[in-house]
Amino acid sequence: MLAFVICEALDGKVWQAEARFLVRSARDLRALLASAGLGDRGHQPDVSVTVRGDLLMEDRRVSGRTVLTTEEVARLAEMAEPNERAQLLAWHAFAQTLEDAGRSARLIFWFVG
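Quick caveat, the model's predicted, so the values are computed rather than measured.

Draft legend 1. Broad picture of the overall build of the protein chain. Across its full length, the protein chain carries four helices and four strands. Listed by position from the N terminus, the elements making up the protein chain come as β-β-α-α-β-α-α-β. The C-alpha atoms of the protein chain give a radius of gyration of 13 Å, which matches the 13 Å a tight globule of 113 residues would have. Dimensions of the protein chain, computed from C-alpha atoms along their principal axes, come out at roughly 35 × 35 × 20 Å. For the protein chain, with 113 residues in total, the buried portion stands at 41%. In the protein chain, of all internal contacts separated by at least 6 residues, the share reaching a separation of at least 24 is 75%. Summed over its atoms, the accessible surface of the protein chain is roughly 6,200 Å², and 53% of this surface lies on carbon and sulfur atoms. Across the protein chain, the 14 positively charged side chains and the 16 negatively charged ones have centroids separated by 4 Å.

Structure representation (structure tokens):
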């Protein structure tokens, strides 16, 4: 299983991909999202062109689509094991920096495999 995580920020009225994050363990991330009640919530129809393109090009089964706000990423980090916590806190810091600059941010997740 592979996990994909993209941080998007609002640019005017359009979401733009700002970063693609690496995932240490797709299975652990999926389990953490599920245990927090944040998994499989789907994607909004206004995801960035980057996310739409990635999903269109995927030839394997896509599952576990979800979107997290910056605040939800911070809450998820609190629930994570120490080795996952540092990664989630880094993702949160990146998204928070975008928000501090006046741009709404969110993280888009999906899994393939």
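Draft legend 2. Spatial organisation of the packing of helix α1 (residues 26-35) against helix α4 (residues 82-100). Orientation of α1 relative to α4, taken along the N-to-C sense of each, is 75°, at an axis distance of 12 Å. Classed by the angle they form, the pair α1 and α4 counts as roughly perpendicular. In this structure, α1 uses D28, L29 and L32 to contact α4, whose residues at the interface are E84, L88 and W91. Grouping the amino acids of the contact of α1 with α4 by side-chain chemistry returns four nonpolar, no polar and two charged.

Draft legend 3. Region of interest: the environment of S35. Tracing the chain through its elements places S35 in helix α1. The exposure class assigned to S35 is exposed, which follows from its relative accessible area of 52%. Note: C-alpha distance between S35 and L76 (41 residues apart in sequence) is 9.6 Å. In this structure the side chain of S35 is engaged in a polar contact, spanning 2.9 Å, whose partner is the backbone oxygen of L32.

Draft legend 4. Structural context of the nonpolar core. Within the largest apolar cluster, 24 residues are counted, with the highest numbers of intra-cluster contacts made by L29, L33, W91, L107 and F109. Elements represented by at least two residues in this core include exactly β1 (2-11), β2 (14-21), α1, α3 (70-79), α4 and β4 (105-112). Apart from the residues lying within four places of it in its own chain, the contact partners of L29 are A3, V5, V23, E84, W91, F109 and F111. Of all hydrophobic cores here, the second largest spans eight residues; its members include I6, V47, V51 and W110.

Rules used throughout
- Residues numbered from 1 in each chain as written.
- Predicted model: local features only at pLDDT ≥ 70, side-chain atom pairs only at ≥ 80, totals over all residues.
- Heavy atoms only, no water.
- Helix = DSSP H or I, 4+ residues; strand = E, 2+ residues; numbered from the N terminus.
- Rg over C-alpha atoms; globule rule 2.2 N^0.38 Å.
- Buried < 20%, exposed > 50% of the residue type's maximum accessible area, 1.4 Å probe, protein only.
- Contact = heavy atoms within 4.5 Å.
- Areas by Shrake-Rupley, 256 points an atom, 1.4 Å probe, with all protein chains shown as cover.
- Lys, Arg positive; Asp, Glu negative; His and termini not counted.
- Charge placed at Lys NZ, Arg CZ, Asp CG, Glu CD.
- Axes fitted to C-alpha atoms, helices over the stretch in contact; angles between N-to-C directions.
- Parallel < 35°, antiparallel > 145°, perpendicular 65-115°, else oblique.
- Nonpolar A, V, L, I, M, F, W, Y, C, P; charged D, E, K, R; others polar.
- Polar contact = N/O pair within 3.5 Å; in protein donor to acceptor, adjacent residues only side chain to side chain.
- Core = buried A, V, L, I, M, F, W, Y, C linked by side-chain atoms within 4.5 Å.

These figures come from the coordinates and say nothing about function on their own.
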